[in-house]
Amino acid sequence: MSIFQIRQKSSGAVLWTGSAADEQTALDAMAREAGYRDFSALPDTLRASGIEAAKLDLIS
């Protein structure tokens, strides 16, 4: 598992941060926490505004 941070490209707002196996799983987890079935169920307007998932490689 890795830590991912999902941001809205237009505003830079952090939408979700958490652990996931890969980018798609992270996007689906963010959508579920927002009350949607998965990322593809998010409104088109939100997905069209641009969402980016970044893998945070944190070393302690």
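Note: the structure precedes this text.
Residues numbered from 1 in each chain as written. Predicted model: local features only at pLDDT ≥ 70, side-chain atom pairs only at ≥ 80, totals over all residues. Heavy atoms only, no water.

Undergrad: Talk me through the sheet that holds strand β1 (residues 2-8); I want residue IDs and the actual numbers.
TA: Spatially, β2-β1-β3 is the arrangement adopted by the three strands of the open sheet, whose pairing is antiparallel. Sheet topology places β2 (14-20) and β3 (51-56) at the edges, where each strand pairs with a single neighbour. Taken pair by pair, the neighbouring strands of this sheet meet at an average axis angle of 20°, ignoring direction. With six bridges connecting them, β1 and β3 associate as antiparallel partners. Bridge pairing in β3 places Phe4 opposite Lys55. The strands touched by helix α1 (residues 23-33) within the sheet are β1, β2 and β3, with β2 carrying the most contacts at an inclination of about 125°. (Pairing = 2+ DSSP bridges. Helix = DSSP H or I, 4+ residues; strand = E, 2+ residues; numbered from the N terminus. Axes fitted to C-alpha atoms, helices over the stretch in contact; angles between N-to-C directions. Contact = heavy atoms within 4.5 Å.)

Undergrad: I'd like to hear about the environment of Gly50, residue by residue, with values.
TA: Within the fold, Gly50 resides in the loop between α2 (44-48) and β3. On the accessibility criterion, Gly50 (14% relative accessible area) is buried. In this structure, the C-alpha to C-alpha distance between Gly50 and Gly35, residues 15 residues apart in sequence, is 19 Å. Once residues lying within four places of it in the same chain are set aside, the contact partners of Gly50 are Arg7, Gln8 and Lys9. (Buried < 20%, exposed > 50% of the residue type's maximum accessible area, 1.4 Å probe, protein only.)

Undergrad: Tell me about the environment of Glu23, and name the residues and values.
TA: Tracing the sequence through the fold places Glu23 in helix α1. Each C-alpha atom of the pair Glu23 and Ile6 lies 9.2 Å from the other, and the pair is 17 residues apart in sequence. The residues contacting Glu23, other than those within four sequence positions of it, are Phe4 and Ala53.

Undergrad: Talk me through the pattern of salt bridges; I want residue IDs and the actual numbers.
TA: Following the criterion strictly, the structure yields two salt bridges and no others. Close ionic contact of Asp38 with Arg37 constitutes a salt bridge, the shortest N to O distance being 3.7 Å. Taking relative accessible area as the criterion, Arg37 reaches 61% and is therefore assigned exposed. Here Asp44 makes a salt bridge to Arg47, at a shortest N to O gap of 2.5 Å. Taken together, the residues span about one helical turn, with Asp44 and Arg47 both in helix α2 at a distance of three residues. On the accessibility criterion, Asp44 (56% relative accessible area) is exposed. (Salt bridge = Lys/Arg side-chain N within 4 Å of Asp/Glu carboxyl O.)

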